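Structural overview for review
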Amino acid sequence: MYQRIENVTFIIAFAFYVVSALLFLIQISKLSKRVEKVGVLTTLAGLVLHTVAMAARTIGAGRLPFSNQYEFALSFAWGIVLSFLILFALYRFGAIGAFVLPLAILVMGYASMQNKTVRPLMPALQSIWLTFHVGTAILSYGSFALACAISVIYLIDSKRTSEHKILAEPEVSDILSYRVVVFGFMMLTIVIISGAIWAQKAWSRYWAWDPKETWSLITWIIYAIYLHMRLRKNWRGKHAAWFSIIGFVSVIFTFVGVNILLPSIHSYVN
Amino acid sequence: MNRRTPKIIRFASSLKVAIVLLILIAAYIVIGTLLPQHGDPSLYLERYPRAGSLIIALSLDKAYSSLIFRVLMALFSLNLTLCTVISMKGQVKQLDKGFFPSFQSEEFVIEDVEREKLLAYCNRRRYTIADDGTVIKAGTYRFGVLGATITHIGILVLFIGAVIGSRSASDETVNLLPGNQHRFEKQGFTITLDDFHMTFQESGAVQQYISTLTIADDDGTTTSEALWVNKPLHHKGLGFYQANFGWASNLQIADDSGAVVAGGLMRSGYSYFYQPSHLTIYLYNYYPEMGIGHQDQPVKMSEREIDPYYAVILYEFGEPVGSYIVAPGDHIHYKDLHIYFTHSVAYTGLLVRKDLSYPIVLTSFIIMLIGLFISFYLYPRFISYEGGKVVTSSRRNGWVFHQNVKSALANKD
Ligand code: HEM
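So, here is what we can say about the structure in this document. The shown structure was predicted, so the numbers you read here are calculated from the model rather than taken from an experiment. (Residues numbered from 1 in each chain as written. Chains lettered and ligands numbered in written order. Predicted model: local features only at pLDDT ≥ 70, side-chain atom pairs only at ≥ 80, totals over all residues. Heavy atoms only, no water.)

Points about the overall build of chain B
Cut-off, in case you're wondering: For helices the rule is a DSSP run of H or I covering at least 4 residues; for strands it is a run of E covering at least 2, with both sets numbered from the N terminus onward. Note that the radius of gyration is over C-alpha atoms, with the globule rule given as 2.2 Å times the number of residues to the power 0.38. Throughout, exposure labels follow a simple rule: accessible area from a 1.4 Å probe, protein chains only, divided by the maximum for the residue type, with under 20% read as buried, over 50% as exposed, and the rest as partly exposed. Note on contacts: a residue pair is in contact if any heavy atoms of the two residues lie within 4.5 Å. Just so you know, the count uses Lys and Arg for positive and Asp and Glu for negative, and it drops His and the chain ends. To locate a charge, take atom NZ for lysine, CZ for arginine, CG for aspartate or CD for glutamate.
A count of helical and extended segments in chain B gives nine helices and 21 strands. Compactness check: chain B gives a C-alpha radius of gyration of 35 Å against a globular reference of 22 Å for 413 residues, more than 25% above the reference. For chain B, the C-alpha atoms occupy an extent of roughly 115 × 55 × 55 Å along the three principal directions. Evaluated residue by residue, chain B yields a buried proportion of 46% over its 413 residues. Pairs at least 24 residues apart make up 56% of the contacts formed inside chain B by residues separated by at least 6 positions. Averaging the positions of the 36 positive and the 36 negative side-chain charges in chain B gives two centres separated by 21 Å.

Considering the environment of G32(B)
Residues and elements named next belong to chain B. The topology assignment puts G32 in helix α2 (residues 15–34). On the basis of relative accessible area, G32 is assigned to the buried category, the value being 2%. Put simply, G32 and P6 are 26 residues apart on the chain and 37 Å apart in space, counted from C-alpha to C-alpha. Setting aside chain neighbours within four positions, we find G32 in contact with Q37, A63 and Y64.

Here we look at the nonpolar core
Put simply, the rule is: In plain words, nonpolar cores are sets of buried Ala, Val, Leu, Ile, Met, Phe, Trp, Tyr and Cys residues tied together by side-chain atoms within 4.5 Å.
Membership of the largest hydrophobic core comes to 128 residues, with the highest contact counts inside it found for I96(A), W220(A) and F248(A). Considering each element in turn, this core owes the most residues, 17 residues, to helix α6 (residues 170–203) of chain A. Other than its neighbours up to four places away in sequence, I96(A) contacts F84(A), L87(A), L146(A), A149(A), I150(A), I153(A) and L167(A). Residues F189(B), I215(B), A262(B) and L283(B) belong to the second largest nonpolar core, which totals 41 residues.

Let's talk about the side chain of E316(B)
Residues and elements named next belong to chain B. The criterion, for reference: The term polar contact refers here to a pair of N or O atoms within 3.5 Å; inside protein, the definition further demands a hydrogen-donor-capable atom paired with an acceptor-capable atom, and it admits residues adjacent in sequence only when both atoms are side-chain atoms.
As for its placement among the helices and strands, E316 is situated in strand β16 (residues 309–316). Only 2.5 Å separates the side chain of E316 from the side chain of Y334, close enough to count as a polar contact. E316 has contacts with S277, H278, L279, V321, Y334 and K335, leaving out every residue within four places of it along the chain.

Observations regarding the site of the ligand
Heads up, the condition is: Distances are taken per atom, and a residue is near a molecule or strand as soon as one of its heavy atoms is within 4 Å of it. Only Asp, Glu, Lys and Arg are considered charged in this grouping, and only Ala, Val, Leu, Ile, Met, Phe, Trp, Tyr, Cys and Pro are considered nonpolar; every other residue, Gly among them, is considered polar.
The full set close to the ligand counts 22 residues, and H228(A), R232(A), H152(B), R395(B) and R396(B) are the nearest of them. The ligand is flanked by residues contributed from chains A and B. Residue H228(A) places a side-chain N or O atom 2.7 Å away from a nitrogen atom belonging to the ligand. Of all the elements in the fold, those that place two or more residues in the shell around the ligand are α7 (211–232) of chain A together with α2, α5 (67–94), α7 (147–168) and α8 (358–377) of chain B. By residue class, the composition of the shell around the ligand is 12 nonpolar, seven polar and three charged.

In structure tokens form, the structure reads like this:
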């Protein structure tokens, strides 16, 4: 039964996100300004159903939905939408939804292509650190997605005259994207550290240069460079925006690419 | 950094060098994830005809332990150390309550603010205030300027931990059957495996592998403790990790009178050679729960001992003479011999690791997290006031800080 609830709410949540994305696109193309409110409401409705889907899976599986590609993609999309709504609650920039929701939709689409069967946790995954590790990863990746969307807006706005801008002041999108990266970076640090502590408990080694580990470190280095260039070399605007987009590409590669591409390269060694 | 710092030091500590090194390190470790590691040199030459020799010249076949990688990390550590030490002096100055930045920014101005209101705000937020009657300067979280330094120190401590780890850490695998012992001479204790068992999920998948050990110290104290995956055991500087398991099966060889002439425990995939008959008994596999696979082959359904079978192949003078699937106690008759397995016992594979660096690494994690939190959330904030005009300043979060002050000052109360 929980599987049914999960499947149904997943599809409706997905549909709500698609509708919200369209509404925000209408908003930014200046066809109508009033759709923003509706867009936020449909996004919120989508998030509620998305949460129900995750809760159903949690109850059905008897644990948080954190342990395979499908479950993590489901949670990742949830983190993206949640960070968007939190940012909206703080600063009222609904237009960002036009760029964030497509990312959430893509991640959910990716989730729907994965194997959904609930599998019991193998012994190495049975750890409190799994919750901590993946929970912070959701927040971190969600923030990086949001920062990437804001950076895209910045790049578009920087080419437009003031009455056609998506967000009134590009300086604001610049600094917002920076603050969101800061939060994501903080969380990514916790992701890597909690992963290391967990690996020490499960496998006796806190770091083993496994491709997934290494790629998360690469992502971390990219954002560390971004933060330093901003603070010390006063990097603003375009450079910073491109950097935050590159950072997000690295996030996606760490999440998807490493699973799809690298194991096959490595498999023949084993 | 002041002008008297020698040029070479200024260069070595510069952010430019840091970023070049970070990019080189990132590129190096990325290639490490794309290439198989620790293969035979010929493998790379064969597989990558063009780049093979370059791969070997740059030690990319063992990227994470190569000299090049260590040199890059050493240079990076040097750069980070210099830059941290050099910038510390300026930061200490900024801790002083009399320190204020120059308020030049034209962006972050709030007009028409009442003096009293601003003072009330600053007092509420525990700013230190310098007020000469006309100009007010207020600042808070001055210690936040140390955030970056604390973060950098955390990273350096991590590197120290990693170096100590790579020099001193060692591990070994110990396989034990229930009742078996293993002695750790240097540490002065002996472990005995009291029990090893698996628990199962409904589906038959293993839920957990649990080993119970008795540790007997040379001074006479004994303790008994269980360990499983994700719950290692630590004793006298050694960590015991549940890493592996397997089956040992009890082989018996009897003659026609029924008298056992040879036998003992053997692992799957191993052979026993019975010299008098030149007979090799090869235990191909043990199936605790056997099923039948695609091509009528036996397959292992799970590790639960529900319906156990042994797959056995016999060789005489090196030639295969028969293959069998037998249950425990089933006899294989071969000439005048009875060959059978009575039962199997699961053995545990423990990884025993000594790594003194882990506490250092844990400490570095804590330092880093504290440093990051201070950098990003407890950064210094400054406000100046003159004739109704407020200017806010914070290097790390200008606009948001400005908005916060603005909305706080706009509030009625
Ligand atoms: C990957 C390693 C590094 C990490 C994680 C790191 C972390 C940080 C953090 C979190 C900050 C505060 C940034 C902000 O508030 O936006 C910072 C600032 C800074 N870092 Fe690093 N850092 C690293 C490497 C380096 C290196 C190698 C240098 C040497 C050139 C360096 C030089 C600086 C400087 C000069 C500041 C600014 C300090 C200030 O003005 O307050 N960092 N670092």
